[in-house]
Structures are given as structure tokens and as C-alpha cells.
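Remarks on the overall topology
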Amino acid sequence: MTIWNELAGIDFAVKTVDAAGIPTRSLQAGSGDEAVVFLHGTSGHLEAFARNIAVHAAHYECHAIDMLGHGYTGKPDYPYEIPRYVEHLVNYLDAVGLDKVHLVGESLGGWVAAHLASEQPERVLSLQLLAAGGTVANPEVMERIRTSTTKAVQSDDVELTRARLRLLMHDPVDATEELVEARHRIYHQPDFVANIHNLLSLQDMETRQRNLLRPDRLARIQAPTLVVWGHENPFGDVPEAKKMAEDIPGAQLQLYPECGHWPQHEQAALYNPLSLEFLAKASAQARSVA
């Protein structure tokens, strides 16, 4: 089992945390004075960070969660818009006693993390936006996400799940069979199938427009921010990443070649040391201000 082999040698626990009434799957590992919380993308799950948790847990208390309506977390019957995701995240932080954290968000997770950082800066020590969504509304990309996800959920054909996962990767090898199996099982839970329209609500143009991370919101982010992007990202071009970094005061931008939509997974050997260096600097900055 490659995912769990990645965690070999460290103590970890997979728990269900009550986040204000929503059962939330959480992988917790490591210890330290500061915590890092990992947030996955649309239709994703905490295994997206399998190649990152152990490295970070050597220095920090780490939490990777299935976000609202995703993975094995509760799936209430309402559209999952960004304020709902933020509310769930804050409820989770409160439930596990974390007042201020480092946030690492991939795709949708970055969208949620940035929104929280702009609204409640006192909760965020630093921000990492990995192929983060939320700054544009591209009808072609939105339809690709909606169609590929819906097909994979509504059919038991594992090839559709495999295709959906491979859509994220520059190299199909990175969409391991273990990840395919994990996602296929998640996609075919009865409550996941029943709520797929809620999970995909941000692919509706009107809904997406009212949730976008516009420049004025990004300009309110006070936390040290790292924007990470792949040159082969199928859901957004490099200029989108550059604009995001420009709109966030003092943000750092890192681009990876031969990388799609999961830079933390596809380029883990490069990303992990960069992340740790960034976190150390952000921690030192927070201490100097305090």
C-alpha cells in the first residue's frame, strides 16, 4: 500500500472529528508548537497529500481533512459554496483546538484557504496555494470538471475514475492504482452520489461568479503566501498563477515544469523542502511580530 508506506515510521491517526455536527475525516500526525492543515481539491480527499504529510509531521502538528461534502466527511444537502467550506474549516479548527494555523490548499482547497485568510487573518499563520482555483471562471474548464466528475460518479466503470484522476497529472504514472481505487470507493458511496450536484455547484457560472477570489479580496491577505503552479496545469495557465501572486501582497511564486494540477504530489521531491523552508520563514516572521 503506497499511500500508507509514505507514512511509515511516524505515528498517525485517522479520526472522525465532529465539526459543529458534520463528521469530518481527519488524518493527524506529528507534533509541535504550530499546526499545518492540508486541504484537497474538488471531488478530492486527504490522500492527495500522502507524499507530504510525513515530511511535514517531523516538524509540525499536521492535519489533512476531507472537506465538506468530500471523501468520508458528512454531506449535508445544500450547495457547497465557498462560505460553507470556510465555515466547516473553522468549525474543524475549533473542534481540535487550533486557533491559528498554516494552511496548505490545493485547487479548491487553496480557494477556501485564501478566502479564510482574507476574512479572518487572525486564524492564518501562512498560506500555500497549490494550483489554487477561484480567480477565474472559464466555462470550458468548468464543463470539463463537471462532466468528467459526473460520469465517474454515475458509472461503476473504474476507467472513468482513472481518467478523472489522470486529468490532474502531467504523467499518468502519478495517478497510482491505489489512488484510483481510493477515489473510486469514495465516488460510489450512496451519499456522495446523491450530493454530487451540491459538490459541483461551483461549476455553475452564476454560483462561481459570486464566490470568486477577486483582486480586492486577495489584496486583503496578510499572511505570508506561497503560490505553486505546474506548467502543464490542465485547469489554468501560468498567467493565472502570476496574476494571483501579484494580487497578494508579498506573495512568492514557484512554477514547476512537467507538472499538472497536483504539484505537491507530482513534484513532491521539490515541493516538500520548499514548503518546509517557507513555513520556517513564516514562523520566524510570526515570532518576530509577537
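A quick note: this is a predicted structure, and the numbers were derived from the prediction, not measured. (Residues numbered from 1 in each chain as written. Predicted model: local features only at pLDDT ≥ 70, side-chain atom pairs only at ≥ 80, totals over all residues. Heavy atoms only, no water.)

**What to know about the pattern of salt bridges**
Rules: A pairing counts as a salt bridge when a side-chain nitrogen of Lys or Arg comes within 4 Å of a carboxyl oxygen of Asp or Glu. Helix and strand definitions here come from DSSP, where helices need a minimum of 4 consecutive H or I residues and strands a minimum of 2 consecutive E residues; each element is numbered from the N-terminal end. Summary of the burial criterion: residues with accessible area below 20% of their type's maximum are buried, those above 50% are exposed, and those between are partly exposed, where the area comes from a 1.4 Å probe applied to protein chains only.
Applying the stated rule across the entire model yields 15 salt bridges. Note that E119 is salt-bridged to R217, the shortest N-O span being 2.7 Å. Taken together, the residues span a long stretch of sequence, with E119 in helix 4 (residues 108-119) and R217 in helix 11 (residues 215-218) at a distance of 98 residues. The exposure class assigned to E119 is partly exposed, which follows from its relative accessible area of 42%. With a relative accessible area of 16%, R217 lands in the buried category. E140 serves as the salt-bridge partner of R144, at 3.5 Å between the closest nitrogen and oxygen. Of the two residues, R144 and E140 are both situated in helix 5 (residues 139-154); the distance of 4 residues between them amounts to about one turn of the helix.

**With respect to the packing of helix 5 against helix 6 (residues 158-166)**
To keep things clear, this is the line we draw: Fitted lines through C-alpha atoms give the axes, limited to the stretch in contact for helices. The angle between two N-to-C directions lies from 0 to 180 degrees. Roughly parallel here means an angle under 35 degrees, roughly antiparallel means over 145, roughly perpendicular means 65 to 115, and every remaining angle is called oblique. In this scheme the crossing of two helices becomes right-handed for a clockwise turn of the near helix relative to the far one and left-handed for an anticlockwise turn of less than a right angle. Any two residues whose heavy atoms approach within 4.5 Å are treated as being in contact. Three categories are distinguished: nonpolar for Ala, Val, Leu, Ile, Met, Phe, Trp, Tyr, Cys and Pro, charged for Asp, Glu, Lys and Arg, and polar for the others, with Gly belonging to the last.
Here helix 5 crosses helix 6 at 150°, and the two axes come no closer than 8 Å. By the angle between their directions, the pair helix 5 and helix 6 is classed as roughly antiparallel. For the pair helix 5 and helix 6, the sense of crossing is left-handed. Mapping the contact onto sequence places I145, S148, T149, K151 and A152 in helix 5 and L160, T161 and R164 in helix 6. Classifying every residue of the contact of helix 5 with helix 6 gives 3 nonpolar, 3 polar and 2 charged.

**Here's the deal with the layout of surface pockets**
Counted only if it meets this: Site definitions follow a grid-based scheme: protein atoms alone, a 1 Å grid, a 1.4 Å probe that fits but cannot get out for cavities, and for pockets an open set with protein on both sides within 12 Å along at least five of seven lines, plus lining residues having an atom within 4 Å of a point. Grid points are joined across faces, edges and corners, and a volume is the space filled by probe spheres set on the points.
Quantified by volume, the largest pocket comes out at close to 280 Å³. Considering the residues around the largest pocket, the lining is formed by 14 residues, among which K100, V124, L125, A286 and V289 are closest to the centre. Those elements giving two or more residues to the lining of the largest pocket turn out to be strand 6 (124-130) and helix 14 (268-289). For the lining of the largest pocket, the leading source of residues is helix 14, giving 4 residues.

**Quick word on unusual backbone geometry**
The backbone phi angle of S107 is positive, close to 55°, even though this residue is not glycine. Relative to the helices and strands, S107 resides in the loop between strand 5 (101-106) and helix 4. The exposure class of S107 is buried, given its relative accessible area of 11%. For E258, which is not glycine, the phi dihedral falls at a positive 50°. Looking at the element boundaries, E258 is found in the loop between strand 8 (252-256) and helix 13 (263-266).

**Details of the UniProt feature "domain: AB hydrolase-1" (unreviewed entry) in the protein**
What counts here: UniProt positions are given in the numbering used here, feature names are shortened, and annotations may be inferred rather than shown by experiment.
Per the UniProt record, "domain: AB hydrolase-1" (unreviewed entry) is annotated on residues 35-266. As annotated, residues 35-266 comprises 44% helix and 15% strand, and the C-alpha atoms at either end are separated by 24 Å.

**Re empty space enclosed by the protein**
According to the stated counting rule, one finds 2 cavities of 30 Å³ or more in the structure shown. Quantified by volume, the largest cavity comes out at close to 280 Å³. Taken together, 29 residues make up the lining of the largest cavity; nearest its centre are S107, G133, I145, F235 and H261. Of all the elements in the fold, those that place two or more residues in the lining of the largest cavity are helix 4 and helix 5. Among the elements that take part in the lining of the largest cavity, helix 5 stands out by supplying 3 residues, more than any other. Residues that form the lining of the largest cavity fall into these classes: 13 nonpolar, 11 polar and 5 charged. A volume near 30 Å³ is recorded for the second largest cavity. Every residue lining the second largest cavity is listed: I3, W4, L7, L27, L46, E47, A50 and I53.

**Quick word on the sheet that holds strand 8**
Selection criterion: A strand pair is defined by DSSP finding two or more bridges across the two strands.
As summarised here, the arrangement of the 8 strands in space is 1-2-4-3-5-6-7-8, forming an open sheet in which the pairing is mixed. At either margin of the open sheet sits one strand with a lone partner, and together these are strand 1 (12-19) and strand 8. Direction aside, the axes of adjacent strands within the sheet are offset by 20° on average. Pairing of strand 3 (residues 35-39) with strand 4 (residues 61-65) involves 5 bridges; the strand directions are parallel. Residue pairing for strand 4: L39 is matched across the bridge by I65.

**Focus: the packing of helix 3 (residues 82-95) against helix 4**
Close contact between helix 3 and helix 4 brings their axes to 9 Å; oriented N to C, the two are set at 75°. The orientation of helix 3 with respect to helix 4, classified from their angle, is roughly perpendicular. Within the contact between the two elements, helix 3 uses I82, Y85, V86, L89 and V90 and helix 4 uses L108, W111, V112, H115 and L116. Considered class by class, the residues forming the contact of helix 3 with helix 4 number 9 nonpolar, 1 polar and no charged.

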